[in-house]
Amino acid sequence: MGTLYLVRHGQASFGEDDYDRLSPLGHRQAQRLGEYLRQRFAREGVQIDTVLMGSLTRHRETWEGIAQGAGWSHEPQVWPGLNEYDSHALLEAIHPEPLAKPDTPELYRHHFRLLRDALKAWMDGRIAPKGMPVYSDFVAGIEQALDHVRQHCAGNALIVSSGGPISTAVGRVLGTPAETTIELNLRIRNTALTEFAFNPKRHMLVTYNTLPHLDSAEHKDWVTYA
């Protein structure tokens with residue numbers, strides 16, 4: 001039996017013109033996770049045999065930070081099926097008028113209330129956001145990555161992805177309704193670690209959304225959600 005470690009990307013550039021790049025804090029979060037994994041795996045005698053990541057910039061930058069902190073030289077396999085949904089396309093599908101920049105607590109809450117509604121509509125097939133697959137195809141891309149790990153990884157694997165794919169993976173493993181993954185998604189933190197045990201037949205949830213690398217007073221201000 002192996003372990004699959006799923007990592008959400010570090011803090012990205014929420015509210016900026018280009019969200020798909022890590023903030024300075026996001027880079028530090030990723031490197032700190034790598035340092036933690038190096039120490040933990042040395043203690044436990046664990047090795048990572050396979051690394052998969054989405055094709056987004058924030059995935060690559062997160063992996064680079066982890067690798068730097070851990071001292072790893074793996075060559076990741078790039079899986080576009082691990083990419084996040086397009087939140088801008090989702091919001092435009094239910095709110096065509098431009099939204100104000102979410103730079104106040106109320107606008108931030110309003111942004112995520114709309115996103116929750118848009119995700120539900122997409123899952124139900126009531127909207128077709130521009131440039132996005134139907135929800136069943138989004139899920140299939142994630143399941144293909146999970147199947148690849150089960151069928152082709154003899155040891156341990158690490159995936160760097162986003163909140164949507166990771167929460168969807170958890171929902172599929174637990175057999176929850178699709179809507180449950182919305183709440184899982186909106187609570188997942190940057191560089192959070194989720195762990196599955198796996199064998200050739202199935203994945204089993206061990207932990208979800210943990211931040212052991214930030215579990216100290218020194219890093220209490222490093223905990224972020226976007």
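Residues numbered from 1 in each chain as written. Predicted model: local features only at pLDDT ≥ 70, side-chain atom pairs only at ≥ 80, totals over all residues. Heavy atoms only, no water.

Looking now at the packing of aromatic side chains. Tallied over the full model, the rule gives nine aromatic pairs. Measuring from centroid to centroid gives 6.1 Å for W63 and W72, while their planes differ by 25 degrees, and the two rings are stacked. Here W63 matches W72 in class, with each residue buried. Aromatic rings pair up to connect Y5, F41, W63 and W72 into one cluster. Directly above the aromatic system of W222 lies the positively charged group of R28, at a separation of 5.5 Å from the ring centroid. (Phe/Tyr/Trp six-rings, centres within 6.5 Å; stacked < 30°, edge-to-face > 60°. Buried < 20%, exposed > 50% of the residue type's maximum accessible area, 1.4 Å probe, protein only. Lys NZ or Arg CZ within 6 Å of the ring centre and 35° of its normal.)

Time to look at the pairing of strand β5 (residues 193–198). Taking burial as the measure, the six residues of β5 include six buried ones, the bulk of the element. Of the two faces of β5, the one holding L193, E195 and A197 and the one holding T194, F196 and F198 are both buried throughout. The pairing of strand β1 (residues 2–8) with β5 spans six bridges and is classified as antiparallel. By the bridge assignment, L6 is partnered in β5 with T194. Note that β5 and strand β6 (residues 203–210) share five bridges and pair antiparallel. (Helix = DSSP H or I, 4+ residues; strand = E, 2+ residues; numbered from the N terminus. Pairing = 2+ DSSP bridges.)

Attention now moves to a nonpolar patch on the surface. Side chains of Y108, V223 and Y225 sit close together on the surface and give an oily, nonpolar patch of about 230 Å² of accessible area. Relative to the helices and strands, V223 resides in the segment after β6. With relative accessibility at 32%, the residue V223 sits in the partly exposed group. (Patch = residues over 30% accessible without salt bridge, like charges linked within 9 Å, V, L, I, M, F, W, Y side chains within 5 Å. Areas by Shrake-Rupley, 256 points an atom, 1.4 Å probe, with all protein chains shown as cover. Salt bridge = Lys/Arg side-chain N within 4 Å of Asp/Glu carboxyl O.)

It is worth spelling out empty space enclosed by the protein at this point. Counted according to the given criterion, the structure contains one cavity of 30 Å³ or more. Y85, L119, W122, M123, Y135, F138, G164, S167, T168, T181, I182 and N185 are the residues that line the largest cavity. Of all the secondary structure elements, the ones that give two or more residues to the lining of the largest cavity are α4 (105–124), α5 (135–152), α6 (163–174) and α7 (180–187). In terms of residue class, the lining of the largest cavity is built from seven nonpolar, five polar and no charged. (1 Å grid on protein atoms, 1.4 Å probe; cavity = no way out; pocket = protein on both sides within 12 Å on 5 of 7 lines; lining within 4 Å. Points joined across faces, edges and corners; volume = space filled by probe spheres on them. Nonpolar A, V, L, I, M, F, W, Y, C, P; charged D, E, K, R; others polar.)

With that out of the way, let us pick up the side chain of H213. As for its position among the elements, H213 is in the segment after β6. In terms of polar contacts, H213 uses its side chain to reach the side chain of T191, at 2.9 Å. If sequence neighbours within four positions are ignored, H213 has contacts with Q29, R32, L33, Y36, T191 and H219. (Polar contact = N/O pair within 3.5 Å; in protein donor to acceptor, adjacent residues only side chain to side chain. Contact = heavy atoms within 4.5 Å.)

In this section: the packing of helix α1 (residues 24–44) against helix α2 (residues 57–70). At a minimum axis separation of 6 Å, α1 and α2 run at an interaxial angle of 40 degrees. Compared by their axis directions, α1 and α2 come out oblique. Viewed along their axes, α1 and α2 form a crossing whose handedness is right-handed. Packed against α1, whose contacting residues are H27, A30, Q31, L33, G34, E35, L37 and R38, the element α2 presents E61, T62, G65, I66, Q68, G69 and A70 at the interface. (Axes fitted to C-alpha atoms, helices over the stretch in contact; angles between N-to-C directions. Parallel < 35°, antiparallel > 145°, perpendicular 65-115°, else oblique. Left-handed = near helix turned anticlockwise from the far one by under 90°.)

Relative to the helices and strands, E75 resides in the loop between α2 and β3 (77–78). Taking C-alpha positions, E75 is 7.2 Å from V51, a pair spaced 24 residues apart along the chain.

With that settled, consider the layout of surface pockets. Its boundaries defined by the atoms lining it, the largest pocket holds a volume of some 1,100 Å³. In terms of lining residues, the largest pocket is bounded by 45 residues, among which F14, S87, H88, L91 and H111 are the most central. Secondary structure elements with two or more residues in the lining of the largest pocket: α3 (87–94), α4 and α7. At nine residues, α4 tops the list of elements feeding residues into the lining of the largest pocket. Its residues assigned to classes, the lining of the largest pocket comprises 18 nonpolar, 11 polar and 16 charged. Of the voids in this model, the second largest pocket is the one considered here, and its volume is about 150 Å³. As for the second largest pocket, its lining consists of P80, G81, N83, E84, Y85, D86, G131, M132, P133, D137, F138 and G141. Counted by class, the lining of the second largest pocket contains five nonpolar, four polar and three charged residues.

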